[in-house]
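Architecture at a glance
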Amino acid sequence: MREVPFSKLDINETEFDRVREVLSSGWLTHGPYTEKFEKLFCDYTGAKYCTTVSNCTAGLHLSCLAAGFSDGDEVIVPAQTHTATAHAVELTGAKAVFVDVDYETANISITDIKNKLSDKTRGIIPVHMAGFPCQMDEIMAICDENNLILIEDCAHALGTLYQSKHVGNFGIAGNFSFYPTKQITTGEGGVIITNDKKIYDFVRTHKAFGIDTPPKMRHKPGLYDVRTLGLNYRLTDFQSALGLGQLERYDSNLKSRKENAKLYENLLSKSDKLEFLKYNDDSSYFIFQILLHDNISRDKLIFHLKKRNIGCSIHYATPVPLMTYYKRKYGYKLGDFPMAEKYGENVITLPIHSGLVKADIMYVCKTIIDFLEKTN
Ligand SMILES: Cc1ncc(COP(=O)(O)O)c(C=O)c1O
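Let me begin by describing the structure that accompanies this report. (Residues numbered from 1 in each chain as written. Predicted model: local features only at pLDDT ≥ 70, side-chain atom pairs only at ≥ 80, totals over all residues. Heavy atoms only, no water.)

Considerations on helix 13 (residues 358-374)
To keep it simple, the criterion reads: Helix and strand assignments follow DSSP, with helices taken as H or I runs no shorter than four residues and strands as E runs no shorter than two, numbered in order from the N terminus. By this rule the span expected of a helix is its residue count minus one, scaled by 1.5 Å. Note on classification: 1.4 Å probe, protein chains only; a residue is buried when its accessible area is under 20% of the maximum for its type, exposed when over 50%, partly exposed between these limits. Two residues qualify as a contact provided that any one of their heavy atoms is within 4.5 Å of a heavy atom in the partner residue.
Between its first and last C-alpha, helix 13 extends 24 Å over 17 residues, near the 24 Å set by a 1.5 Å rise per residue. Within helix 13, the full set of buried residues consists of Asp360, Ile361, Tyr363, Val364, Cys365, Thr367, Ile368, Ile369, Phe371 and Leu372. Residues of helix 13 that are buried in the fold lie against helix 9 (250-268), strand 10 (274-275), strand 11 (288-292), helix 10 (298-307) and strand 12 (347-350).

Take a look at the structure:
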């Protein structure tokens, strides 16, 4: 039987060689690959500055600290996201205020942002869900009118454009993730991009303990000062070596994802028992999601796919405000985020990575359509 894994690592010989080169150099952090990777990331996204971080959660946390969010502030985040988006806010002492999403895209609802604004609102963190760009014009207008700080969660969005500009460039910072299932990987890892030198300096200093002088700039070994409280959120140089290679090859990876999305659209539009977003060239297709109609059992379909060796996932089954931590803290309950909840109940994430061949997607679609036909 054919096997279609949900995700598949794609690490080539050059990348293995570079990682080996760093490991045998004896200089595992602060090395040349980090600078090269950051530079290429700037070239790719059009951002002025980029700094690597140990993961996207760390990047979001640093971005929230750079924004100055703290006790008493409120920061708006979507209810349909990874918990990291909200945690980053809460770790500063500010309150994550959850907003419902649009059912079609699972991106933050502009109407609900307006409903949740208060005197305490200091910022908004939209998430470009599945790689599909949020309505940045509207979000920026709200930020301008209300003097709010915009930080983008681009964990899903390497290669995502909005009006021909790479996402992550619309607010003070854009945060990317290189977790193994993402479009490119460094194991764990992430970057922050920004066009503001002050934000760049802040995150560079705070990702390394608050130390004022990086190792290469020290006049005497070990001589540095600490003027502020910082963290250790650095990425190693061998991870950057891997990331550099992955990013160098990303154009072809993205092209395959887009071709796969078009094929999914083609094949799945034969069924009237599911919905999905129409193909959009600005999306980077981190994942491809389908929404089942309410009367169809998602569990049964997932089981059906599993039995036929097809990997799938759910992003995200439980809206973050309905996770125990947030429910206990803020008293959220079922029904507070109707669209995020419905999305969580009906969505299935299908494999779309660049390791798939046409026959894999045809097999996935046929398996889904066969199941849907039999259920009614
Ligand atoms: C939307 C979103 N934000 C943030 C993160 C956190 O990324 P990381 O695992 O790199 O910390 C993830 C992780 O998958 C995510 O999906």
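Digging into the sheet that holds strand 10
As a reminder of what qualifies: Two strands qualify as a pair provided DSSP detects at least 2 bridges between them.
Pairing within the open sheet is antiparallel, and its three strands lie in the order 10-11-12. Unpaired on one side and paired on the other, strand 10 and strand 12 mark the two borders of the sheet. Bridge count for strand 10 against strand 11 is two bridges, and the pairing is antiparallel. Bridge assignment links Glu275 to a residue of strand 11, and that residue is Leu291.

Some words on the sheet that holds strand 5 (residues 149-153)
Pairing between sheet strands relies on hydrogen bonds along the backbone, with the strands arranged either parallel or antiparallel. Rules: Note on geometry: axes are C-alpha line fits, over the in-contact stretch for helices, and angles between N-to-C directions span 0 to 180 degrees.
The strand order across the open sheet formed by seven strands is 1-9-8-5-4-2-3, and the pairing between neighbours is mixed. Looking along the sheet, the strands with just one partner apiece sit at the ends: strand 1 (49-53) and strand 3 (95-99). Ignoring strand direction, the axes of neighbouring strands in this sheet form an average angle of 25°. In this structure, strand 8 (residues 173-177) lies alongside strand 9 (residues 190-194), joined through four bridges in antiparallel fashion.

With respect to the site of the ligand
To keep things clear, this is the line we draw: Only a single heavy atom is needed: when it lies within 4 Å of a molecule or strand, its residue is near that molecule or strand. Under the rule applied, a polar contact is a pair of N or O atoms within 3.5 Å (in protein, one hydrogen donor and one hydrogen acceptor; residues adjacent in sequence only if both atoms are side-chain atoms). Accessibility throughout is a Shrake-Rupley quantity obtained with a 1.4 Å probe, and a residue counts as covered only by protein chains that appear here.
As a matter of local geometry, the ligand sits amid 16 residues, with Thr57, Asp153, His156, Ser177 and Lys182 nearest to it. Between the ligand and Lys182, the relevant distance is 2.6 Å, taken from an oxygen atom to a side-chain nitrogen or oxygen of the residue. Here Tyr316 contributes a side-chain N or O atom positioned 2.8 Å from an oxygen atom of the ligand. The fraction of the free accessible surface of the ligand (390 Å²) that becomes covered by protein chains is 92%. Among the elements of the structure, helix 3 (56-67) and helix 4 (83-90) are those that each provide at least two residues to the shell around the ligand. Counting residues per element, the shell around the ligand draws most heavily on helix 3, at three residues.

A closer look at the pairing of strand 2 (residues 74-78)
Note the cut-off: If you view a crossover with the strands going away from you and the path from the first strand over the helix to the second runs clockwise, you call it right-handed.
Counting buried residues in strand 2 gives five out of five residues, a clear majority hidden from the surface. Along strand 2, one buried face is formed by Glu74, Ile76 and Pro78 and the opposite face, lined by Val75 and Val77, is buried too. As paired strands, strand 2 and strand 3 are joined by five bridges and run parallel to one another. If you follow Val75 over to strand 3, its bridge partner there is Ala96. With helix 4 bridging strand 2 and its parallel neighbour strand 3, the resulting β-α-β unit is right-handed. The sheet contact formed by strand 2 and strand 4 (residues 121-124) spans three bridges and is parallel. Bridging from a neighbouring strand, Glu74 pairs with Thr121 of strand 4.

Re the pattern of salt bridges
Put simply, the test is: Throughout this description, the term salt bridge denotes a Lys or Arg side-chain nitrogen within 4 Å of a carboxyl oxygen of Asp or Glu.
Evaluation of the coordinates by the stated rule reveals 17 salt bridges. A salt bridge links Glu15 to Arg249; the shortest N-O distance between them is 2.8 Å. Placement of Glu15 in helix 1 (residues 13-25) and of Arg249 in the loop between helix 8 (237-248) and helix 9 is noted, with a sequence separation of 234 residues between them. Residue Glu15 is classed as buried on the basis of its relative accessible area, which comes to 1%. In this structure, Lys197 engages Asp201 in a salt bridge whose closest nitrogen and oxygen atoms are separated by 2.9 Å. Taken as a pair, Lys197 and Asp201 lie in helix 7 (residues 197-206) at a separation of four residues, close to a single helical turn. One network of salt bridges, in which partners are shared, links Asp10, Glu15 and Arg249.

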